[in-house]
Amino acid sequence: MERFIVAKSAGFCFGVSRSVDMAQKMLEDGKAYSLGQLIHNDDVVEYLSKRGLKVIDSPDMLPDGGRVLIRSHGVSKAIYDELLGKNAIITDATCPKVKRIHELVSEAQRDGRFVAIIGMHGHPEVEAVKGWCTDCVICENAEQLQQWCEKSGDLLDKPITMVVQTTQTRSNFTECANFLKKRCTNLQIFDTICGATSMRQEEAAKLAAECDAMVVIGGKHSANSVHLAAICSEHCPRVQFVANADELDMSAFSDVKTVGLTAGASTPAWIIKEVSNKMSEEIKIDAAAAEEKEMSFDEMLEESIKTIYNGDKVTGYVVAITGTEVSVDIGTKYSGFIPTTEFTDDGIKVEDAVKVGDTIEAVVVRVNDVEGTVMLSKKRLDAAKSWTAVEEAVDSGEFLEGTVTEINKGGVVVNVKGVRVFVPASQSGLPKEADMNQLLKQKVRVKITEVNRGRKRVVGSIRAVAQKERRERAEAIWNEMEVGKKYHGVVKSMTSYGAFVDIGGIDGMVHVSEMSWSRIKNPAEMFKIGDEVDVYVINFDKEKRKISLGYKDPNENPWVKFTTNYNVGDTVEVKIVKLMTFGAFAEVLPGVDGLIHISQIANRRIGKPEEVLSVGDVVEAKITAIDTENHKISLSIRALAEPAAAEVEVPKVEDNGEDALIYEVSADGEAKGEIVED
C-alpha cells in the first residue's frame, strides 16, 4: 500500500453525536438507564457503561421513577406509554429525523392510510416506526413488496403512505417507490433517508470506484454500516468490514496501491483515528501524528461530540437541499441548516448557487438542543469577512468590485460583498448633469476612502478608480505609440476645425482635412460626440502630449485612384463644382477636381464661364495634362467640340495681363486656382 484516503463524511452523524452528548450530561447527575444499546458501537457502549449507563431491554427492567434515556433509534408509542406508567424521568434522544417519520406514520394512521415501511426487519428504528401505526407492512426491498402485493390483493385504489428507514440506500428507496407507483393510484411517498446518510453512501461509492481496496468501519449490527460495506463491494473487489483497528488485516493490502477508508454513523472519531494510524504505520507517513500528544478516551469522545455556540464559525458540507433550507453536516452532534433565502434573494436559483457536496463556511445563529439542530448563516460570515476586506482596502488602496443597487440625491450605493458603500455624485465618474440611473445594476470598481464600522458607514469613489486606470492606460499608450499605429476610440468633443478622440486614456485630434477624401465644411458632417471610430497616428509629440490622428483611409486616396485609371487624352464625364472668372473647376472623381480654362470651355470666344456652364452641370471633357508632382489636371471641353468657323484667340483676363492657367489640387482633393502673369 502506497497511500490511503479517508472519506470526509466518515464517523458520527449528528443524531448519534446528540444522543451520546445527552447521555454524558445525564451521567453527571448519577447513574442512569438506556433502553437498548445507545448506539451500535460496542466500544462506546462499554465506555458509557463504566460511567454508569446501564443497558436495559424493556421498561419492565426500569425501577419505578428511574432515569432513562431513549436512544436515537426511538421507541414505539406503546413503550413510551409504559415508561410514563412507571413514572420514569425520560430523556428522549430520538433523532429528529426519525421522530419526523413517527409523525408521518401517525398522521397516515389518523387519515386511514396503510403504511409501507421500507427497512430492515427487527432493526430498532424500524420497530419503533412500526409502533406509531397499526395498519402497516415492513419490506426490505422491492422483491418483498411484490410478494406482499401478491398476497394482499388489489392495491389500485388503496391509500398507501410509504416511508423509508433513515439509513437505507438511495437505490433501494427508488426501486421500491417505482414499484408502488405502478401498482397504486392513491400513493404518498416520503423520502425520509437522512441527507448525511445519502452523502456518506455516495462518497463511499465514488471512493470505492477509485481505490484498489476499501476499509469500512462499523458494527455488524449497524444498518448504515452494513449498507456502506455493501455499496463499497459493488464498486471495489476488496472490502474489509471491521469494528476497530484490531480486526484490520494489513496483509491484505500488500499488493495494492491505494486504499479508501469510510465509517458508519455510529463510529466514533477515535476508532477511525486508530485504524488510520495503523494504516499510516504501514506506509510510514504518520510522523506528524506520532509527535502529537496522545488523547485520552474521554478527550476523544468529547472531541467527537463537541458543543457549539452562537457566533461560532463552522465548516461543513452540503448533504441535502430542499425548497426552504440547505442541510449542512458540520461534523458535530447538531444538524446544521441554512435558509435557502440566503442563496436566492438576488434572484438566483438555489440549485445554481449551491450543490450537494459543496463545502460551506458559516456562522452559528441559533442552537436548538432539543431538536439537535443549529441555524447557520453564510451571509453573516461573508458580511464579516467583507467588512474586514473593506477596512483593509482603505490602507492598501486596493480597488473592490461591487454592483450599484440604489440611486439617491447625493449619489449611488454600491453593494460590495454585502457591504453598502456610498459613492457621492461627484465621485461617480459621470458628468455633473448626467443621469445617475445609467449606473443602476452595473458592476463597478470602487476605491474605499472612509470606513466607520460602528456607524456602518463606508464611502468610496468610482471616479478615483477611473482616473488611475486612465493614467495607467495613457502611459502604456505613450510608451508603445508609433506613426501609423491604429486605435479604436470615442469622439469626446468637437470644434469647427476637427474632433478630439479618446483612444484609451489619451485624446488625439482628427483635423477636418483628415476626416474624408471628399470636401466637407464642418466636422459635424462626419462625427457626433460618442461615436466609436477607428483612427491612426499621423504624428505625435510625447513631450507636449499632442497627437494628430487620421480617419480617412489612405488606401482610398482619390488621386491614386485617378492616376491608376486615367491618362492624358482620355475622355471623362465631369461635374461642374465651381465657376471662376478664369474658368470652371470640375469633379473628375470624388476628391479630385480638374480645371477647364475659360479658353477650353467652348470653340468660340466667351466673356464668362457662366455663359456656357452652371454649377451642377455634367459634361464630357478631355484630359489634356496631368501634373503628378503637384496634383494638377487640365481639362478641355473645346477639344471635343467641332472647330469654329473663325480662329479663336485666347483672351486675356480683363486688362491686368493675368491669365489663370495654373491651379493646384491639394492632397485632400481641394482645387485652388493660381494666377500667373502671361
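Heads up: the structure comes first, above all this text.
Small disclaimer: the values here were computed from a predicted structure and weren't measured. (Residues numbered from 1 in each chain as written. Predicted model: local features only at pLDDT ≥ 70, side-chain atom pairs only at ≥ 80, totals over all residues. Heavy atoms only, no water.)

Visitor: Pulling in residues and values, what's your account of the pattern of salt bridges?
Guide: One pass over the structure, following the stated rule, counts 18 salt bridges. Here Asp382 and Lys378 are joined by a salt bridge, their closest N and O atoms 2.9 Å apart. Placement of both Asp382 and Lys378 in helix α15 (residues 378-396) is noted, with a separation of four residues, approximately one turn of the helix. Residue class for Asp382 comes out partly exposed when judged on its relative accessible area of 27%. Among the salt bridges present, the one from Arg545 reaches Glu475, with a minimum N-O distance of 3.9 Å. Residue Arg545 is located in the loop between β26 (532-541) and β27 (546-550), and its partner Glu475 is located in helix α16 (residues 462-480); the two are separated by 70 residues in the primary sequence. Relative accessible area serves as the criterion here: at 36%, Glu475 is assigned to the partly exposed category. (Salt bridge = Lys/Arg side-chain N within 4 Å of Asp/Glu carboxyl O. Helix = DSSP H or I, 4+ residues; strand = E, 2+ residues; numbered from the N terminus. Buried < 20%, exposed > 50% of the residue type's maximum accessible area, 1.4 Å probe, protein only.)

Visitor: Please provide a residue-by-residue account of α16, values included.
Guide: The first and last C-alpha atoms of α16 sit 27 Å apart over 19 residues, in line with the 27 Å expected at 1.5 Å per residue. Within the sequence span of α16, burial applies to Ile462, Ala464, Val465, Ala474, Ile477 and Trp478. At the N-terminal end of α16, a side-chain oxygen is found 3.4 Å from the backbone nitrogen of Arg463, two or three residues along, and the residue is Ser461. (Expected span 1.5 Å × (residues − 1). Polar contact = N/O pair within 3.5 Å; in protein donor to acceptor, adjacent residues only side chain to side chain.)

Visitor: Could you give an account of empty space enclosed by the protein, with specific residues and numbers?
Guide: Taken as a whole, this structure holds four cavities of 30 Å³ or more when the rule is applied. Looking at the largest cavity, its volume works out to about 260 Å³. Looking at the largest cavity, it is lined by 23 residues, and the ones nearest its centre are Cys13, Val16, Glu125, Thr166 and Thr167. In terms of residue count, helix α1 (residues 14-27) provides more of the lining of the largest cavity than any other element does, three residues in total. (1 Å grid on protein atoms, 1.4 Å probe; cavity = no way out; pocket = protein on both sides within 12 Å on 5 of 7 lines; lining within 4 Å. Points joined across faces, edges and corners; volume = space filled by probe spheres on them.)

Visitor: Describe in detail the pairing of strand β15 (residues 335-339), supporting the description with residues and values.
Guide: Of all five residues making up β15, five are buried, and the element is well covered by its neighbours. With burial as the criterion, each face of β15 is covered, one bearing Ser335, Phe337 and Pro339 and the other bearing Gly336 and Ile338. Across five bridges, strand β14 (residues 325-329) lies against β15 in antiparallel orientation. Within β15, the residue paired with Ser327 across the bridge is Phe337. In this structure, β15 lies alongside strand β17 (residues 373-377), joined through three bridges in parallel fashion. Bridging across to β17, Gly336 finds its partner in Val374. (Pairing = 2+ DSSP bridges.)

Visitor: Run through the packing of aromatic side chains, naming residues and quoting values.
Guide: Centre-to-centre distance and the angle between the planes together describe a pair of aromatic rings. In this structure the tally under the stated criterion is six aromatic pairs. For the pair Phe114 and Trp148, a centre-to-centre distance of 5.2 Å together with 10° between the ring planes defines the contact as stacked. Taken as a pair, Phe114 in strand β6 (residues 114-118) and Trp148 in helix α6 (residues 142-152) lie far apart in primary sequence, 34 residues in all. As far as the burial class goes, Phe114 and Trp148 line up, both buried. Judged by centre distance (4.8 Å) and plane angle (85°), the ring pair of Phe527 and Tyr551 falls under edge-to-face. You can see Phe527 sitting in the loop between β25 (507-511) and β26 and its partner Tyr551 sitting in the loop between β27 and α17 (558-565), a full 24 residues away along the chain. Residue classification places Phe527 among the buried residues on the basis of a relative accessible area of 5%. With relative accessibility at 31%, the residue Tyr551 sits in the partly exposed group. (Phe/Tyr/Trp six-rings, centres within 6.5 Å; stacked < 30°, edge-to-face > 60°.)

Visitor: Outline the sheet that holds strand β13 (residues 313-321), listing residues and values.
Guide: Two modes of strand pairing occur in sheets, parallel and antiparallel, and in both the strands are linked by backbone hydrogen bonds. The mixed closed barrel is built from five strands, whose spatial order is β13-β14-β15-β17-β16. Each strand axis lies, on average, 55° off the axis of its neighbour in the sheet, ignoring direction. Lying over the sheet, helix α8 (residues 195-210) contacts β13 and β14, oriented at roughly 85° with respect to β13. Contacting β13, β15, β16 (359-368) and β17, α15 crosses the sheet at an angle of about 115° to β16. (Axes fitted to C-alpha atoms, helices over the stretch in contact; angles between N-to-C directions. Contact = heavy atoms within 4.5 Å.)

Visitor: Describe in detail the pairing of strand β5 (residues 89-92), supporting the description with residues and values.
Guide: With four bridges connecting them, strand β4 (residues 67-70) and β5 associate as parallel partners. Residue pairing in the sheet places Leu69 in a bridge with Thr91 of β5. With helix α3 (residues 77-85) bridging β4 and the parallel β5, this β-α-β connection has right-handed handedness. (Right-handed = clockwise from strand over helix to strand, strands pointing away.)

Visitor: Account for the nonpolar core, with residues named and values stated.
Guide: Within the largest apolar cluster, 36 residues are counted, with the highest numbers of intra-cluster contacts made by Leu48, Val215, Ile217, Phe253, Val259, Val275 and Met279. Of all the secondary-structure elements, those providing two or more residues to this core are α1, α2 (42-50), β10 (213-217), β12 (258-263) and α10 (269-283). Among the elements that make up this core, the one with the highest residue count is α1 (six residues). (Core = buried A, V, L, I, M, F, W, Y, C linked by side-chain atoms within 4.5 Å.)

Visitor: Explain the state of the cysteines to me, using residue names and the numbers behind them.
Guide: Joining two cysteines, a disulfide is a covalent bond between their sulfur atoms. Considering all chains together, one arrives at zero disulfides under this definition. Counting only cysteine sulfurs, Cys139 is the nearest neighbor of Cys176, a cysteine outside any disulfide, at a range of 7.6 Å. Assessed through its relative accessible area of 0%, Cys176 is described here as buried. (Disulfide = S-S within 2.5 Å.)

Visitor: How would you explain the layout of surface pockets if you had to name every residue and give the values?
Guide: Space inside the largest pocket adds up to approximately 950 Å³. It is helix α4 (residues 96-110) that provides the largest number of residues to the lining of the largest pocket, a total of seven residues. Classifying every residue of the lining of the largest pocket gives 18 nonpolar, nine polar and eleven charged. (Nonpolar A, V, L, I, M, F, W, Y, C, P; charged D, E, K, R; others polar.)

Visitor: With reference to specific residues and values, describe the sheet that holds strand β3 (residues 53-56).
Guide: Strand order in the open sheet formed by four strands is β3-β2-β4-β5, and the pairing between neighbours is parallel. Each end of this open sheet is capped by a strand with a single partner; those strands are β3 and β5. Strand-to-strand, the axes of this sheet are offset by a mean angle of 30°, without reference to chain direction. Taken together, the four bridges between strand β2 (residues 32-35) and β3 define a ladder with parallel strand orientation. Bridge pairing in β3 places Ser34 opposite Val55.

Visitor: Can you break down the packing of α8 against helix α9 (residues 223-235) residue by residue, with the values?
Guide: Across the interface, α8 lies against α9 with an axial gap of 8 Å and an inter-helix angle of 30°. By the angle class used here, α8 and α9 are roughly parallel. In terms of crossing hand, the pair formed by α8 and α9 is right-handed. Counting all contacts with α8, which are made through Arg200, Gln201, Ala204, Ala205, Ala208 and Ala209, the residues of α9 involved are His227, Leu228, Ile231, Cys232 and His235. Taken together, the residues that form the contact of α8 with α9 break down as seven nonpolar, three polar and one charged. (Parallel < 35°, antiparallel > 145°, perpendicular 65-115°, else oblique. Left-handed = near helix turned anticlockwise from the far one by under 90°.)

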